[in-house]
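Each chain is listed here by its residues.
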Amino acid sequence: MAISKAQFKEAFREVISSEFSHIPKNEDEIDFVFSERFNKRMAKLINSQKKAYYKLINTAAKRVAIIIVLILTMFTAAFSVKAIREPIIKFVKQIYETFIHYSVEGDTTDKIEKEYPLKFVPDGFNEINKVRDSYLITTIYENSTADRIVFSQMTTKTNAGYFLDNETGEVHSEVVNGINVEWKKWYDNITVLWTNEGYVFSIECMGNINFDTIKDMICSVE
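Values in this document were obtained by computation on a predicted structure and should not be read as measured data.

1. Notes on the pairing of strand 6 (residues 162–165)
Side chains Tyr162 and Leu164 of strand 6 all project onto a buried face; the interleaved residues Phe163 and Asp165 project onto a face where none is buried. Where strand 2 (residues 99–106) meets strand 6, 4 bridges bridge the pair, whose relative direction is antiparallel. Across the sheet, the residue bridging to His101 is Phe163, located in strand 6.

Next up, the structure:
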């Protein structure tokens with residue numbers, strides 16, 4: 001059964017409290033002597049009793065309390081950092097004579113749990129079709145001059161890989177807003193591939209659509 005974030009934090013606090021329950025509440029009961037080296041470093045750190053924060057650490061009990069607070073802070077931060085929670089995958093690129101094959105490694109996905117829409121679409125483009133299942137979501141946009149944008153979100157676990165023809169056109173890699181993107185340009189066709197949060201995304205553009213516009217589209221997928 002899933003638990004809420006608040007329930008998780010409460011359970012975490014209880015575990016930490018239990019872990020340190022043996023620490024005496026009265027400093028006179030603490031049977032511990034800090035090493036000479038530690039005391040010298042602490043003395044150097046606070047410099048003198050005249051420092052504003054000296055009263056916060058001037059006893060052994062207070063120092064132990066500060067250590068506990070630091071431990072709690074570090075654990076809480078670790079569970080709240082977005083990057084730690086997110087699945088991370090990356091491309092493994094194999095270059096052949098006529099094509100490039102991209103496979104993925106890392107925290108792959110076997111079905112689409114969350115859809116990442118294309119939040120920015122150039123002016124004049126309208127959605128004309130959308131296909132969705134558990135493994136692939138493809139949305140097609142078109143404008144009045146028949147320029148077309150095909151945006152896809154794909155799972156990664158059972159996929160045989162992704163291919164770009166390197167016999168025609170130009171293929172290169174570029175970092176866009178911190179994202180490693182694979183680019184293929186051939187005449188007025190541009191294809192881009194990238195990975196994020198366990199999925200592979202692609203944008204295929206046919207017509208008068210420039211690189212900067214495509215970069216804006218890539219950045220809008222979140």
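So, next bit.
2. Some remarks on the nonpolar core
The biggest cluster of nonpolar side chains holds 24 residues, and the ones touching the most others in it are Val192, Trp194, Ile203, Ile214 and Ile218. Those elements that place two or more of their residues in this core are strand 4 (136–142), strand 5 (148–154), strand 8 (179–186), strand 9 (189–196), strand 10 (199–206) and helix 5 (211–220). At 4 residues, strand 10 tops the list of elements feeding residues into this core. When near neighbours in sequence (up to four residues on either side) are disregarded, Ile214 contacts Trp183, Ile190, Val192, Cys205 and Ile209. Counting 9 residues, the second largest nonpolar core, distinct from the first, contains Ile100, Val104, Met154 and Val200.

3. Concerning unusual backbone geometry
Its identity is not glycine, yet Tyr187 carries a phi of approximately 55 degrees, on the positive side. Among the structural elements, Tyr187 can be located in the loop between strand 8 and strand 9. For Tyr187, a relative accessible area of 67% corresponds to the exposed category. The phi torsion at Glu197 lies on the positive side, around 50 degrees, for a residue other than glycine. Here Glu197 is to be found in the loop between strand 9 and strand 10. Relative accessible area serves as the criterion here: at 17%, Glu197 is assigned to the buried category.

4. Digging into helix 5
Residues Thr213, Ile214, Met217, Ile218 and Ser220 constitute the buried set of helix 5. Viewed end-on, helix 5 has its buried residues packed into an arc of 165 degrees, placing them on one side of the element. Where helix 5 is buried, its residues contact strand 5, strand 7 (170–176), strand 8, strand 9 and strand 10.

5. Observations concerning the pattern of salt bridges
All told, the structure shown has 6 salt bridges when counted by the stated rule. Here Glu115 and Arg132 are joined by a salt bridge, their closest N and O atoms 3.6 Å apart. Of this pair, Glu115 sits in the loop between strand 2 and strand 3 (126–132) while Arg132 sits in strand 3; the two residues are 17 residues apart in sequence, bridging distant segments of the chain. A single network of salt bridges, built from pairs that share partners, joins Glu115, Lys130 and Arg132.

Each value, and the rule that gives it
Residues numbered from 1 in each chain as written. Predicted model: local features only at pLDDT ≥ 70, side-chain atom pairs only at ≥ 80, totals over all residues. Heavy atoms only, no water. Buried < 20%, exposed > 50% of the residue type's maximum accessible area, 1.4 Å probe, protein only. Helix = DSSP H or I, 4+ residues; strand = E, 2+ residues; numbered from the N terminus. Pairing = 2+ DSSP bridges. Core = buried A, V, L, I, M, F, W, Y, C linked by side-chain atoms within 4.5 Å. Contact = heavy atoms within 4.5 Å. Arc of directions from axis to C-beta. Salt bridge = Lys/Arg side-chain N within 4 Å of Asp/Glu carboxyl O.

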